[in-house]
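# Descriptive structure summary
Here is how the chains run, residue by residue.
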Amino acid sequence: MRIRIVGAGAMGRGIAQWAAVAGHTVELADVRQEAVGEAVVFVQRMLERAAQKQRMTDEAAGAASARLLPVDSPAAPGDDVGLVIEAVREDLATKTGLFRQLEDILPAGTVFATNTSSLPVTQIASGLLDPSRLCGLHFFNPVPLMKIVEVIPGALTRPEIPRTLVELVRATGHAAVVASDTPGFLINHVGRGLITEAFALLEESVSDTTGIDRIARDVLGLRMGPFELMDLTGLDVTAAVTDSIWQGFRHSDRLRPSYLAPNRVAAGLHGRKTGRGFYAYGPGTPAPADLPEQPVTGDPDRPVWVAGEGRDGDTLRTVLSESGAALERASAPSEQALVLCPVWGTTVASAIAEGGLPAERTLGVDPLSLTVRRRVLAMTLASDGTAVRDARAVLARAAGGAEAVPVSVVRDTAGSVAQRVLASIISVAASVAERSLAAPGDIDLAVTAGLGYPVGPLAWGDRIGARRLLALQEGLHRSTGDPRYRPTRWVTERAHLGLPLTEPGAVPPGADA
């Protein structure tokens, strides 16, 4: 296929490389002719580098380079152009004006695709004589490495166009997902679950940015913690996207932005690009993941009694027993014992009140942290300092004399840090699914490929179990009263029916699939 790419900036260059490597003839255009030449040279260098690193042969790199054709104008005639991909600046009038101009020059059968990341596809198409020929085709930077593309039909897009674009993308080795023309489309929308909850935890002083990031990496298995991620993408960009999606969904509680972001943006604390964000950057400064942890100073041999029965209590007892902890098995704790209480969707304080437990030496443990590389200990307002230090030392012990397990200490909150973050990630994804904004499989594929999560949010929920996840959502909602934590219909129905979260469900007769 002959593809014309309009816009020779970072995204246009990446899309040009993607298309040329896939075997397509690529016309590259820009209103600045010198930008086209610079882009062609840049892509050719990237192809040469790929050949040097043996990611492709010299012959393949040369052939791809030969398929790059600079054109004099975005509106140059082109009877054989099958697809135009626009990658110009994020401005509605600019994008609509470009396509309107191309409409007068290119054949009626040429498909128009916009790489917009934030503007409604339908609004861009509305300025055309034939809005049915335009569809969203949203790539992510860097295009050759980010192997995921969102295909976004507008309200009037012809049905065959999204199917054609999905096939085109998949034939290149990239993954394609179909998303509705809604604020944030799919990946940016679902990504708000992590960002908004991380800020909520920071607002409540449950932990600091380093502590939240450590738990996100080591307990949930994310490649980067949320604040480390915002420093990478730029808080100015993240805050603008978050505000836009929240406003677009009419101030949805589940997508509520933080009051902390605007002042940080105004102060220039944008992250790596400004040298300072949630972390400092520069020569000699450690990476966020390499920051030193507070040393363990408590007594690891202090006796421990575990409160609570069921799976979480049994798992905690097993972990403590295998590590050689002085575990008490009596029906009540001794006067010297620490009391460790696994909590799920509730607070340690409520467990203390319900169980009549000694407040000064009862601490919470997040069950999600028991079988991973970091354990999370929750202290209350009544916690004795010595008890906190000793409990941390007890939990740091590993089985068989292995290296100590890092332990994060956080303030008591319903569900603790990891549970709240995970519940938010899954809840936002579930709200996308229940509104039919994307298919369950596309949601999980988009998140793993686009955000790098270890598993898709709906599949992640299935690992937890729909009933247990519903109990977490109900506990968070009941404990906080905040509507952002209300249980989703998607989870509630599947918990009641015994179905997995990844199950699309039956469609009523006559309804659109």
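Going by the structure above, here's the rest.
Figured I'd write up the structure that's included with this text. For clarity, every value in this text was computed on a predicted model and none was experimentally measured.

## A look at the layout of surface pockets
Size it by volume and the largest pocket reaches roughly 1300 Å³. Surrounding the largest pocket, 44 residues form its lining, Phe140, Asn141, Asn188, Thr233 and Val237 being those nearest its centre. At the level of elements, α1 (10–21), α7 (187–190), α8 (192–203), α10 (226–233), α11 (235–248) and α17 (440–451) are the ones that each hand at least two residues to the lining of the largest pocket. The biggest single contributor to the lining of the largest pocket is α11, with 5 residues. Looking at the lining of the largest pocket, its residues break down into 22 nonpolar, 16 polar and 6 charged.

## Description of the nonpolar core
Ranked by internal contacts, the top residues of the largest apolar core, which has 95 residues, are Leu186 and Ile443. For isoleucine 443, the residues in contact, after removing those within four places along its chain, are Leu186, Val190, Ala429, Val432, Ala433, Ala438, Pro457 and Leu458. Formed by 40 residues, the second largest nonpolar core is a distinct cluster that contains Ala35, Val111, Cys135 and Ile161.

## Considerations on the pairing of strand β8 (residues 175–178)
As paired elements, strand β7 (residues 148–153) and β8 share 4 bridges and run parallel to each other. Directly across from glutamate 150, in β8, lies its bridge partner valine 177. Note on the crossover from β7 through helix α6 (residues 160–171) to β8: the handedness is right-handed.

## Quick word on the packing of aromatic side chains
In this description, an aromatic ring pair is defined by two values, namely the gap between the centres and the angle between the planes. As enumerated under the stated definition, the model contains 5 aromatic pairs in all. Geometrically, the ring pair formed by phenylalanine 199 and phenylalanine 227 is edge-to-face, given 5.8 Å between the ring centres and 90° between the ring planes. A residue pair is termed long-range when its members are at least 10 positions apart, and phenylalanine 199 in helix α8 and phenylalanine 227 in helix α10 qualify at 28 residues. The exposure classification of phenylalanine 199 matches that of phenylalanine 227, with both residues buried. Taken together, a centroid distance of 4.8 Å and an interplanar angle of 65° make the contact between phenylalanine 227 and phenylalanine 278 edge-to-face. With phenylalanine 227 in helix α10 and phenylalanine 278 in the loop between α12 (260–266) and β9 (304–306), the pair connects residues that are 51 residues apart, well separated along the chain.

## With respect to helix α3 (residues 58–66)
Restricting attention to buried positions, one finds in α3 the residues Ala61, Ala64 and Ser65. In a view along the axis of α3, the buried residues occupy a sector of 100°, so they form one face of it. Facing away from the buried side of α3, by more than 90 degrees, are the exposed residues Glu59 and Ala66. Looking at the buried side of α3, the elements it contacts are α1, α2 (33–52) and β3 (68–70).

## Thoughts on unusual backbone geometry
Proline 142 follows asparagine 141 through a cis peptide bond whose omega is -5°. Looking at the secondary structure, you find proline 142 in the loop between β6 (134–138) and β7. Its identity as a non-glycine residue notwithstanding, serine 205 has a phi of 55°, on the positive side. Mapped onto the secondary structure, serine 205 falls in the loop between α8 and α9 (209–218). Even without glycine at this site, arginine 250 takes up a positive phi of about 55°. Among the structural elements, arginine 250 can be located in the loop between α11 and α12.

## A look at empty space enclosed by the protein
This model, assessed by the stated rule, comprises 2 cavities of 30 Å³ or more. Space inside the largest cavity adds up to approximately 70 Å³. Lining the largest cavity we find Glu197, Arg254, Arg420, Ala423, Ser424, Ser427, Gln473, Leu476, Arg484 and Tyr485. For the lining of the largest cavity, the secondary structure elements donating two or more residues are α16 (416–434) and α19 (466–480). Here the residues of the lining of the largest cavity are counted per class, giving 3 nonpolar, 3 polar and 4 charged. Around the second largest cavity sit Ile195, Phe199, Thr238, Ala239, Thr242, Asp243, Pro257, Ser258 and Ala261, which together line it. Looking at the lining of the second largest cavity, the elements that each hand over two or more residues are α8 and α11. For the lining of the second largest cavity, the residue count by class is 5 nonpolar, 3 polar and 1 charged.

## Some words on the sheet that holds β8
Spatial ordering of the open sheet is given by β3-β2-β1-β4-β5-β6-β7-β8, a layout of 8 strands whose pairing is mixed. Taken across any chain shown, the strands that pair with only one partner, and hence form the sheet edges, are β3 and β8. The mean inter-strand angle of the sheet, taken between neighbouring strand axes irrespective of direction, is 25°. When strand β4 (residues 81–86) meets strand β5 (residues 111–114), the two strands line up parallel, connected through 4 bridges. Across the sheet, the residue bridging to leucine 83 is valine 111, located in β5. The strands touched by α1 are β1 (2–6), β2 (25–29), β3 and β4; relative to β2, the strand with the most contacts, the crossing angle is about 165°.

## A short note on the packing of α16 against α19
Relative to each other, α16 and α19 sit at 110°, their axes nearing to 11 Å. Judged on the interaxial angle alone, α19 and α16 are roughly perpendicular. Between α16 and α19, the contacting residues are Gln419, Arg420, Ala423, Ile426 and Ser427 on the first element and Leu469, Leu472, Gln473 and Leu476 on the second. Looking at the contact of α16 with α19 residue by residue, the class counts come to 5 nonpolar, 3 polar and 1 charged.

## So, the side chain of arginine 4
By the secondary structure assignment, arginine 4 is in strand β1. Here proline 74 takes part through its backbone oxygen, which lies 3.0 Å from a polar atom of the side chain of arginine 4. Separated by 2.6 Å, the side chain of arginine 4 and the backbone oxygen of alanine 76 make a polar contact.

Conventions and cut-offs
- Residues numbered from 1 in each chain as written.
- Predicted model: local features only at pLDDT ≥ 70, side-chain atom pairs only at ≥ 80, totals over all residues.
- Heavy atoms only, no water.
- 1 Å grid on protein atoms, 1.4 Å probe; cavity = no way out; pocket = protein on both sides within 12 Å on 5 of 7 lines; lining within 4 Å.
- Points joined across faces, edges and corners; volume = space filled by probe spheres on them.
- Helix = DSSP H or I, 4+ residues; strand = E, 2+ residues; numbered from the N terminus.
- Nonpolar A, V, L, I, M, F, W, Y, C, P; charged D, E, K, R; others polar.
- Core = buried A, V, L, I, M, F, W, Y, C linked by side-chain atoms within 4.5 Å.
- Buried < 20%, exposed > 50% of the residue type's maximum accessible area, 1.4 Å probe, protein only.
- Contact = heavy atoms within 4.5 Å.
- Pairing = 2+ DSSP bridges.
- Right-handed = clockwise from strand over helix to strand, strands pointing away.
- Phe/Tyr/Trp six-rings, centres within 6.5 Å; stacked < 30°, edge-to-face > 60°.
- Arc of directions from axis to C-beta.
- Axes fitted to C-alpha atoms, helices over the stretch in contact; angles between N-to-C directions.
- Parallel < 35°, antiparallel > 145°, perpendicular 65-115°, else oblique.
- Polar contact = N/O pair within 3.5 Å; in protein donor to acceptor, adjacent residues only side chain to side chain.

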